[in-house]
Amino acid sequence: MSDAGKATPVAGSGDAVLVGYFAKKRTPRPDWLECPFVEEICSVSECMAPGAEDWIQTWAHNVWGFFDSPEGAWNAVPETQRPDFDLFAYELLPVRFVGGKAEPLDVRAGATAPLDPSCHPLGYDVVSRGTSDFFECSPLSCNNWAAEVGANAYCLIDDLDEALRLASVAEESRVEPGDYHVMRVWRREGT
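No experiment lies behind these values; they were computed from the predicted model shown.

Considering the overall build of the chain
Helix and strand counts for the chain come out as four helices and eight strands. Starting at the N terminus, the α and β elements of the chain follow one another as β-β-β-α-β-β-β-β-α-α-α-β. Relative to the globule expectation of 16 Å for 191 residues, the C-alpha radius of gyration of the chain, 15 Å, shows essentially globular dimensions. Across the 191 residues that make up the chain, the buried fraction comes to 54%. Considering only contacts in the chain between residues 6 or more positions apart, those separated by 24 or more positions represent 73%. Looking at the chain, you have 15 positive and 31 negative side-chain charges, and the mean spots of the two groups are 2 Å apart.

Right under this line is the structure:
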């Protein structure tokens, strides 16, 4: 969502939809990630930026694998561990890439609590989904793809058109299995 509280338009593919919140452990760039300009990993994937251990056992997540409210996301993190976590919000573009081509994706907002002014956009992630019910790999971080294609300090893409192009390339070249999606990543300041 934009700062005005409306969904961000996506060229030719409708509006991005807020699909949930998720608390993730703060993850600085590992030494093996060959991108000195990346300071931390804020990917959608849990491969490098994990959620709380056993978060799924709460069975409070929505169909996208996120929580419908900030409180729900925080409830999945033991209170003693919360200082090591940040709260993220995710908007999903209503398009997926299959066979290197974009096709419409039905994304419904559901009961997700609206984004509040304490959330700040960090960029767009290119993420696969196909072998499970959740989003799986973010090749920018998981596959060191950021070193090849570039990324911002959060290991995300600043430009929407570039993120859409990379999603098509990632799917067509099978960087990781599954369909590819573009998600806008937000971080909430404070808890």
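Past the structure itself, the notes keep going.
A short note on the environment of D31
Within the fold, D31 resides in the loop between β3 (17–25) and α1 (70–75). Accessibility expressed as a relative area gives 75% for D31, which makes it exposed. C-alpha separation for the pair D31 and V63, spaced 32 residues apart in sequence, amounts to 34 Å.

A few points about the pattern of salt bridges
Inspection of every chain in the model, using the stated rule, returns seven salt bridges. Across the pair R187 and E40 runs a salt bridge, and its minimum N-O distance is 3.0 Å. One end of the pair, R187, is in strand β8 (residues 179–188); the other, E40, is in the loop between β3 and α1, with 147 residues separating them in the sequence. There is no split in this pair, since R187 and E40 are both buried. Here E162 ties to R165 by a salt bridge, and the two come within 2.8 Å at their closest N and O atoms. Here the residue E162 and the residue R165 both occupy positions in helix α4 (residues 160–173), the gap between them amounting to three residues, near one helical turn.

As for the nonpolar core
Soluble globular proteins tend to pack their nonpolar side chains together in the buried interior. If you look at the biggest cluster of nonpolar residues, it comprises 34 residues, and the most contacted ones within it are V19, V44, F66, Y90, L92, F135 and M183. Looking at this core, the elements with two or more residues in it are β3, α1, β4 (85–92), β7 (119–129) and β8. Setting aside anything within four residues of it in sequence, one finds V19 in contact with N62, W64, F66, Y90, L92, V107, T112 and M183. Core analysis: the next-biggest nonpolar cluster, separate from the first, contains 26 residues, A16, V95, A163 and Y180 among them.

Considerations on the packing of aromatic side chains
A full pass over the atoms with the stated rule returns nine aromatic pairs. Ring centres of F22 and W55 lie 4.9 Å apart, and the angle between their planes is 85 degrees; on these two criteria the pair is classed as edge-to-face. A residue pair is termed long-range when its members are at least 10 positions apart, and F22 in strand β3 and W55 in the loop between β3 and α1 qualify at 33 residues. Like F22, the residue W55 is buried in the burial classification. A ring pair is formed by W55 and F134, whose centres lie 5.7 Å apart and whose planes are at 70 degrees; its orientation type is edge-to-face.

Observations concerning the confidence of the model for the chain
On average, the chain scores 86 in pLDDT, and the residues at 70 or more come to 91%. When pLDDT is averaged over each helix and strand of the chain, the minimum, 38, is found for strand β1 (residues 9–10) and the maximum, 96, for β4. Taken together, the stretch residues 1–13 has pLDDT below 50 and engages in 29 contacts with residues farther than four places along the chain or on a different chain.

Thoughts on unusual backbone geometry
Despite not being glycine, W59 has its phi angle at roughly 50 degrees, a positive value. Looking at where W59 falls in the secondary structure, it is placed in the loop between β3 and α1.

What counts and how
- Residues numbered from 1 in each chain as written.
- Predicted model: local features only at pLDDT ≥ 70, side-chain atom pairs only at ≥ 80, totals over all residues.
- Heavy atoms only, no water.
- Helix = DSSP H or I, 4+ residues; strand = E, 2+ residues; numbered from the N terminus.
- Rg over C-alpha atoms; globule rule 2.2 N^0.38 Å.
- Buried < 20%, exposed > 50% of the residue type's maximum accessible area, 1.4 Å probe, protein only.
- Contact = heavy atoms within 4.5 Å.
- Lys, Arg positive; Asp, Glu negative; His and termini not counted.
- Charge placed at Lys NZ, Arg CZ, Asp CG, Glu CD.
- Salt bridge = Lys/Arg side-chain N within 4 Å of Asp/Glu carboxyl O.
- Core = buried A, V, L, I, M, F, W, Y, C linked by side-chain atoms within 4.5 Å.
- Phe/Tyr/Trp six-rings, centres within 6.5 Å; stacked < 30°, edge-to-face > 60°.
- pLDDT = per-residue confidence, 0-100.

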